[in-house]
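Residue strings, one per chain:
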Amino acid sequence: MKNGLDKIKLTSYDDLFGSDTMEQKGKSVIEIHISDLHEFPDHPFRFEMDAEMQELVESVKRYGVLEPILVRQREQGGYVIISGHKRAAACKEIGQNVIPAVVTDCNDDEATILMVDSNIYRRNILPSQKAKAYQMKYEALKHQGVQGGLHTLEQMGEAFGESGKTVQRYVWLARLNDDLLEMLDRKKIGIVPGIALSFLKKEEQEWVTDILLEEKIKLQTKEAEECKEQSQKGLLTQNGVKEILCCKKVKIDKPFMLNANRIKGYFPDSYSEEVMEEIICQLLEQWKQQRAGGGEGGEKESF
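How each quantity is defined
- Residues numbered from 1 in each chain as written.
- Predicted model: local features only at pLDDT ≥ 70, side-chain atom pairs only at ≥ 80, totals over all residues.
- Heavy atoms only, no water.
- Phe/Tyr/Trp six-rings, centres within 6.5 Å; stacked < 30°, edge-to-face > 60°.
- Helix = DSSP H or I, 4+ residues; strand = E, 2+ residues; numbered from the N terminus.
- Buried < 20%, exposed > 50% of the residue type's maximum accessible area, 1.4 Å probe, protein only.
- Lys NZ or Arg CZ within 6 Å of the ring centre and 35° of its normal.
- Axes fitted to C-alpha atoms, helices over the stretch in contact; angles between N-to-C directions.
- Parallel < 35°, antiparallel > 145°, perpendicular 65-115°, else oblique.
- Contact = heavy atoms within 4.5 Å.
- Nonpolar A, V, L, I, M, F, W, Y, C, P; charged D, E, K, R; others polar.
- Salt bridge = Lys/Arg side-chain N within 4 Å of Asp/Glu carboxyl O.
- pLDDT = per-residue confidence, 0-100.
- Pairing = 2+ DSSP bridges.

*Asks:* Any chance you could break down the packing of aromatic side chains for me, citing the residues and the numbers?
*Replies:* In this structure the tally under the stated criterion is four aromatic pairs. Their ring planes at 70° and their centres at 6.4 Å tell us that Tyr121 and Phe160 sit as a pair that is edge-to-face. Of this pair, Tyr121 sits in the loop between α4 (108–119) and α5 (127–144) while Phe160 sits in helix α6 (residues 152–160), placing them 39 residues apart in sequence. Overall, the relative accessible area of 59% leaves Tyr121 in the exposed class. For the pair Tyr134 and Tyr170, a centre-to-centre distance of 5.7 Å together with 70° between the ring planes defines the contact as edge-to-face. Of this pair, Tyr134 sits in helix α5 while Tyr170 sits in helix α7 (residues 164–173), and the two are 36 residues apart along the sequence. With a relative accessible area of 2%, Tyr134 lands in the buried category. Exposure remark for Tyr170: the relative accessible area of 16% places this residue in the buried category. Put simply, the rings of Tyr121, Tyr134, Phe160 and Tyr170 touch in pairs and so form one group of aromatic residues. A cation over an aromatic ring shows up here: Arg175 above the ring of Phe199, its NZ or CZ 4.6 Å from the ring centre.

*Asks:* Outline the packing of α5 against helix α8 (residues 178–185), supporting the account with residue identities and numerical values.
*Replies:* α8 packs onto α5 with a crossing angle of 125° between their chain directions and a minimal axis gap of 8 Å. Considering their axes alone, α5 and α8 lie oblique with respect to each other. Of the residues in α8, those touching α5 at Pro127, Ser128 and Lys132 are Asp178, Leu181, Leu184 and Asp185. Grouping the constituent residues of the contact of α5 with α8 by class yields three nonpolar, one polar and three charged.

*Asks:* Can you lay out the pattern of salt bridges for me, pointing to particular residues and giving the numbers?
*Replies:* Using the criterion set out here, one finds 10 salt bridges in the structure. Across the pair Lys130 and Glu162 runs a salt bridge whose closest N-O atoms are separated by 3.2 Å. One end of the pair, Lys130, is in helix α5; the other, Glu162, is in the loop between α6 and α7, with 32 residues separating them in the sequence. When its relative accessible area of 19% is taken as the criterion, Lys130 is described as buried. With its nearest N and O atoms 3.9 Å apart, the salt bridge here joins Lys201 to Glu204.

*Asks:* So what about α7? Which residues, and what values?
*Replies:* Those residues of α7 that fall on the buried side of the exposure criterion are Val167, Gln168, Tyr170, Val171 and Leu173. Packed against the buried residues of α7 are α5, α6, α8 and α9 (191–197).

*Asks:* I'd like a rundown of the confidence of the model for the protein chain, residues and numbers included.
*Replies:* Scored by pLDDT, the protein chain comes out at a mean of 83, with 83% of its residues at no less than 70. Between the elements of the protein chain, mean pLDDT differs from a low of 51, seen in helix α1 (residues 13–17), to a high of 97, seen in α9. pLDDT under 50 marks residues 249–253. Its contacts with residues more than four places away, or in other chains, come to zero contacts. Confidence drops under a pLDDT of 50 for residues 295–303, and excluding neighbours within four residues, the segment shows 13 contacts in the predicted structure.

*Asks:* Now, about the environment of Leu212: what can you tell me, with residues and values included?
*Replies:* Structurally, Leu212 can be placed in helix α10 (residues 202–215). Not counting chain neighbours up to four residues away, the residues in contact with Leu212 comprise Leu180, Met183, Ile189, Ile217, Leu219 and Leu245.

*Asks:* Break down the sheet that holds strand β2 (residues 37–38) for me, with residues and values.
*Replies:* If you trace the five strands from one edge of the open sheet to the other, you get β1-β5-β3-β4-β2, paired in mixed fashion. Unpaired on one side and paired on the other, β1 (30–33) and β2 mark the two borders of the sheet. As judged from the four bridges shared by β1 and strand β5 (residues 98–103), these two strands associate in the antiparallel manner. Counterpart to Glu31 in the pairing with β5 is Pro100. Along the sheet face, α4 touches β3 (69–73) and β4 (79–83) and points at about 45° away from the line of β4.

Following this line, the structure appears as structure tokens:
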């Protein structure tokens, strides 16, 4: 392998380029035709033609691509983008046929590490994107083994400024199906309930997905944990999921009470509560009939 990558274990973007620019590290920049570029397999970082992307398009139109993209050669021909999907998309948008690029020689795991590290600090990263990216780098690092006495999760946490426990949680979240991940992004499901659901089998996750969509309810942590507990015991069923998620407490209506002190002034002191109640009911019945008939003169009366 070229560039000495066969002599080191690449664990981060800086292992290849350090903190200097590509030009400073002696990497040659070439021009590549846009039609020869291919997306990174299972690329977790989506983007839309939003205001930020429009700004990039205008910048490329005015100044060109200021920083070369990073690519690797593709076995079937052309190049796979490691870093620079948005710059490549901006060139396509304005009809630019070529883009400056640096071609690096690295294996699949090293390419995955570079891809994640060069994209993870984008603004507005969604939880699902972060989860999938962490999971991809986690698997790549596991193939390389322990580094500097640190286990893989600690390694990643140190690189991203997070605890190994936080990294583990995102790796778990990556096990959710696409619908649940979308609910996570839309904040229909919280991070903690999402982690609990990640321990469910794929079929069980589908049960939860269907019920959440049908009933249009928001999942609570307690319900997600109960699903997880039942699943781990091998007792979770489709009906069981529905019972857990849709179980509602019976609402007990507050009884209607009349203030006795308020109404006593309308009756003689000799009237008992039973007599007062009977008179009130008779008056209400008369009022009901008047409302139904429109009252005298065709107009509705009010008490």
